[in-house]
Amino acid sequence: MADTINRSGRKGFLVDTSKCIGCRSCQVACKQWNKLEADKTANMGSTENPRDLTPALYNRIRFIEKESSGQTVWQFLNQRCMHCGDAGCIKVCPSPGALYRTKEGSVVFNKEKCIACKYCVSACPFNIPRYDSNDKVAKCHLCYDRIAAGMSPACAKACPTQALQFGNRNDLIAKATAAKKKLYGVDDLLGLGVVYALEGPPEQYGLPAKPEIPTSIFLWKDVIKPLGILGFWGSIGAVLLHYVTVGPQRTEETEDKGGSHE
Amino acid sequence: MSNYIERFSTRQRVLHWIVTASFFTLVLSGVGLFSRLFNGYFNFFGGGQNAILIHKIAGPIFFLSSAYMYLDHRAEISSFDSNDMEWFRKAGGYLSREPHHFHIGRYNPGQKMFALFIAVATLVLGITGLFIWVPTAFPRWIVQISLMLHGLMFVGSIMFMVLHVYLATIGNPGTVQGMLYGDVRKDWARHHHPRWYRERTGGK
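Rules and cut-offs
Sequence order as written defines residue numbering, which begins from 1 separately in each chain. Naming scheme: in the order in which they are written, chains are lettered from A and ligands are numbered from 1. Where local features are concerned, this predicted model is filtered to residues with pLDDT of at least 70; where side-chain atom pairs are given and counted, the filter is 80 or more; whole-chain, interface and lining totals use all residues. Helix and strand labels come from DSSP, where a helix needs a run of H or I of at least four residues and a strand needs a run of E of at least two; each type is numbered from the N terminus. Counting other C-beta atoms within 10 Å of its own, a residue is labelled buried from 20 upward, exposed at 12 or fewer, and partly exposed in the gap between, with every C-beta atom placed from the backbone. By the convention adopted here, residues make contact when the C-beta atoms placed from their backbones lie within 7 Å. Atoms considered for the radius of gyration are the C-alpha atoms alone. The globule rule reads 2.2 Å times the number of residues to the power 0.38. Orientation is described by axes fitted as lines to C-alpha atoms, over the contacting stretch for helices, and by angles from 0 to 180 degrees between their N-to-C directions. Any angle between 65 and 115 degrees counts as roughly perpendicular, while under 35 counts as roughly parallel, over 145 as roughly antiparallel, and the rest as oblique. Gly is put with the polar residues, along with every residue not named as nonpolar or charged; the nonpolar set is Ala, Val, Leu, Ile, Met, Phe, Trp, Tyr, Cys and Pro, and the charged set is Asp, Glu, Lys and Arg. Any two strands between which DSSP finds at least two bridges are classified as paired. UniProt positions are given in the numbering used here, feature names are shortened, and annotations may be inferred rather than shown by experiment. By the definition used in this description, the sense in which the near helix is turned from the far one sets the handedness, with an anticlockwise turn below a right angle giving left-handed and a clockwise turn giving right-handed. Definition of nonpolar core: a set of buried Ala, Val, Leu, Ile, Met, Phe, Trp, Tyr and Cys residues joined via C-beta atoms within 7 Å. The domain boundaries here were taken from an automatic or database domain assignment.

Just to check I follow, could you spell out the overall build of chain B for this structure?
Summing up its helical and strand segments, chain B has eight helices and two strands in all. The N-to-C order of helical and strand elements in chain B reads β-α-α-α-α-α-α-β-α-α. Based on the C-alpha atoms only, the size of chain B along its principal axes is roughly 60 × 30 × 30 Å. Here chain B holds 204 residues, and the buried ones make up 30% of them. When contacts within chain B are restricted to residue pairs at least 6 apart in sequence, those whose partners lie at least 24 apart make up 63%.

This is the structure in structure tokens:
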């Protein structure tokens, strides 16, 4: 069952990669507002730091280096939970309320209800959820506490170039479309809550060209589950039907003695 | 002369009920993980996290006891002969009330298929269960496939279980005694497993 979202009132990000200067204010602001501890990192010979999301890093800037007419060019991508319209994590989460959708359309979590099964890690099309040292889920929750109070998320507030814009999703998309931006995530997975204006193919940014819920997760939840429930009750129905139609296989003596054990 | 003949030894019976107990513990603790629809079953264990813990304890017990049960019966369940084919053709006589006579040994081919399925399911559930146990230690695609196969084998097992319980109890009166007290009536043995009966009694 795909969770339904209120599309007209849905809020989200528009990330304009052409405006991003890689300052990582968003990373810092997120850590500050969400009181996330610093991660120990290592010098990997790149300006990209840290190299991956962690339980204490809900969003980060991915640095993409490429050659363009003899010059090294940097591209930056803000990586975070995409707040998918059809969220794989919510689809598989067995604990109601551990991962859920707010009325603004964000996918948020409640650590107290997380039962540490880690199914969301496998079901995410973007490999976003991380688990903290207490075995609880951690990812961007789109500052749902700030949004509920009418503020914008910490990252968007801190962004000095408006590369990260937060607001009504439809309005942001309309504006970007009018500006002839190449958008990513408008319709994928019932629309991502984070829509990107990219300057190249998605793969260049480490994004899947056609994001979708992993096939085996889809088969589990949308095929095996309904057919399995049907099959279980079907087999109970079948054996009961067999009992009252053909009936049990009795040996001669059972008929005589009623099957009693001497 | 006794009217009864031994069908399962004490060791085999105890083993069977260990498998049974761990199987149903796994079903009850796991069904809430299979789908949110069955979240209520977590209450048997005091919440999802405890259910997972119980699932991880019952899992290895089931795996080991079920694997041992397979090894114990391996020879009797993995060969099919022409009598078995005849049994398959007539669906074991289960589709009509007509009297039928199959030259069946200790196990009929339906039982063999059930045992083989459970053996495969045990292996698949055990291996995939290991990946699901520590998903962050393995590539995501392995865990994704494991989650699907674990669910698929669960569904298959539970359906086979309905059939197994029915055929071993009310569907074939006199059968369950073999797994409870260990012995079955001789007429039951002559009717259901004539070849086994002859081998055990040496003729009549």
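We are not done yet, so read on.
Honestly, the overall build of chain A in this entry has me stumped. Any pointers?
Tallying secondary structure elements over chain A gives eight helices and ten strands in all. Here chain A has a C-alpha radius of gyration of 25 Å; the compact-globule value for 262 residues is 18 Å, and the former is much larger. Its C-alpha atoms give chain A principal-axis dimensions of roughly 95 × 45 × 40 Å. Within the span of chain A, comprising 262 residues, buried residues form 39% of the whole. For chain A, restricting intrachain contacts to residue pairs at least 6 apart in sequence, the fraction spanning at least 24 positions comes to 61%.

When you look at the packing of helix α7 (residues 215-244) of chain A against helix α5 (residues 140-168) of chain B in this model, what are you seeing that I'm missing?
For any two helices packed against each other, the geometry is given by the interaxial angle and the distance between the axes. Where α7(A) contacts α5(B), the axes come no closer than 9 Å and their chain directions differ by 0°. Considering their axes alone, α7(A) and α5(B) lie roughly parallel with respect to each other. In contact with A:Ser216, A:Ile217, A:Leu219, A:Trp220, A:Ile224, A:Lys225, A:Gly228, A:Gly231, A:Phe232, A:Ser235, A:Ile236 and A:Val239 of α7(A), α5(B) contributes B:Gln144, B:Ile145, B:Leu147, B:Met148, B:Gly151, B:Leu152, B:Val155, B:Ile158, B:Met159, B:Val162, B:Leu163 and B:Tyr166. The class makeup of the residues in the contact of α7(A) with α5(B) is 17 nonpolar, six polar and one charged.

Could you clarify how one ought to interpret the sheet that holds strand β9 (residues 182-184) of chain A in this entry?
Backbone-to-backbone hydrogen bonds pair the strands of a sheet. The strands run either parallel or antiparallel. All names here are of chain A. Strand order in the open sheet made by the four strands is β8-β1-β10-β9, with mixed pairing throughout. Two strands in the sheet have a free side with no partner beyond their single neighbour: β8 (164-168) and β9. Sheet twist, expressed as the mean angle between neighbouring strand axes with direction ignored, is 25°. Strand direction decides the pairing type here: strand β1 (residues 11-16) and β8, joined by five bridges, are antiparallel. Bridge pairing in β8 places Lys11 opposite Asn168. The sheet strands contacting helix α6 (residues 169-178) are β1, β8, β9 and β10 (194-198), and the helix crosses β8 at an angle near 125°.

What exactly am I supposed to notice about the UniProt feature "domain: Cytochrome b561 bacterial/Ni-hydrogenase" (unreviewed entry) in chain B here?
Under the present numbering, the feature "domain: Cytochrome b561 bacterial/Ni-hydrogenase" (unreviewed entry) in UniProt falls on residues 7-182 of chain B. As a span, residues 7-182 of chain B carries 69% helix and 0% strand, and end to end its C-alpha atoms are 6 Å apart.

Please clarify how the pairing of β10(A) should be interpreted in this entry.
Within a regular strand, side chains alternate between the sheet's two faces. All names here are of chain A. Within β10, five of the five residues are buried, which leaves the element mostly enclosed by the surrounding structure. Side chains Val194, Tyr196 and Leu198 of β10 all project onto a buried face; the interleaved residues Val195 and Ala197 project onto the opposite face, where all are buried too. For β1 and β10, the ladder comprises four bridges, and the chain directions are parallel. Note that in β10 the partner of Asp16 across the bridge is Ala197. With three bridges connecting them, β9 and β10 associate as antiparallel partners. Pairing of Leu183 across the sheet is with Ala197, part of β10.

Got a minute to help me understand the packing of helix α2 (residues 48-77) of chain B against helix α4 (residues 109-133) of chain B in this structure?
Residues and elements named next belong to chain B. Packing of α2 against α4 brings their axes to within 9 Å, and their N-to-C directions diverge by 150°. Seen along the crossing, α2 lies across α4 with a hand that is left-handed. For the pair α2 and α4, contact is made by Lys56, Gly59, Phe63, Ser66, Ala67, Tyr70, His73 and Ile77 and by Lys112, Ala115, Leu116, Ile118, Ala119, Thr122, Gly126, Gly129 and Trp133, respectively. A class-by-class count of the residues in the contact of α2 with α4 yields nine nonpolar, six polar and two charged.

Any chance you could explain the nonpolar core here in plain terms?
The tendency in soluble globular proteins is for nonpolar side chains to be buried side by side. A:Cys89, A:Leu99, A:Cys120 and A:Leu164 are the most contacted members of the largest nonpolar core, which has 76 residues in total. Top element by residues in this core is α5(B). It accounts for seven residues. For this core, the two domains that each supply at least three residues are domain 1 (13-208) and domain 2 (216-248) of chain A. In contact with A:Leu99, not counting residues within four places along its chain, are A:Cys89, A:Ile90, A:Cys93, A:Val107, A:Phe109, A:Cys120 and A:Val137. Grouped together as the second largest cluster of nonpolar side chains are six residues, B:Phe23, B:Leu26, B:Ala58 and B:Phe63 included.

In this structure, what is going on with the interface of chain B and chain A? I would like to understand it.
The accessible area lost on association of the parts is a frequent measure of interface size. At the junction of the two partners, chain B supplies 40 residues and chain A supplies 38 residues. Of all the secondary structure elements, the ones that give two or more residues to the side of chain B that touches chain A are α1 (10-34), α2, α5 and α7 (186-192) of chain B. Taken together, the residues that form the side of chain B that touches chain A break down as 19 nonpolar, 16 polar and five charged.

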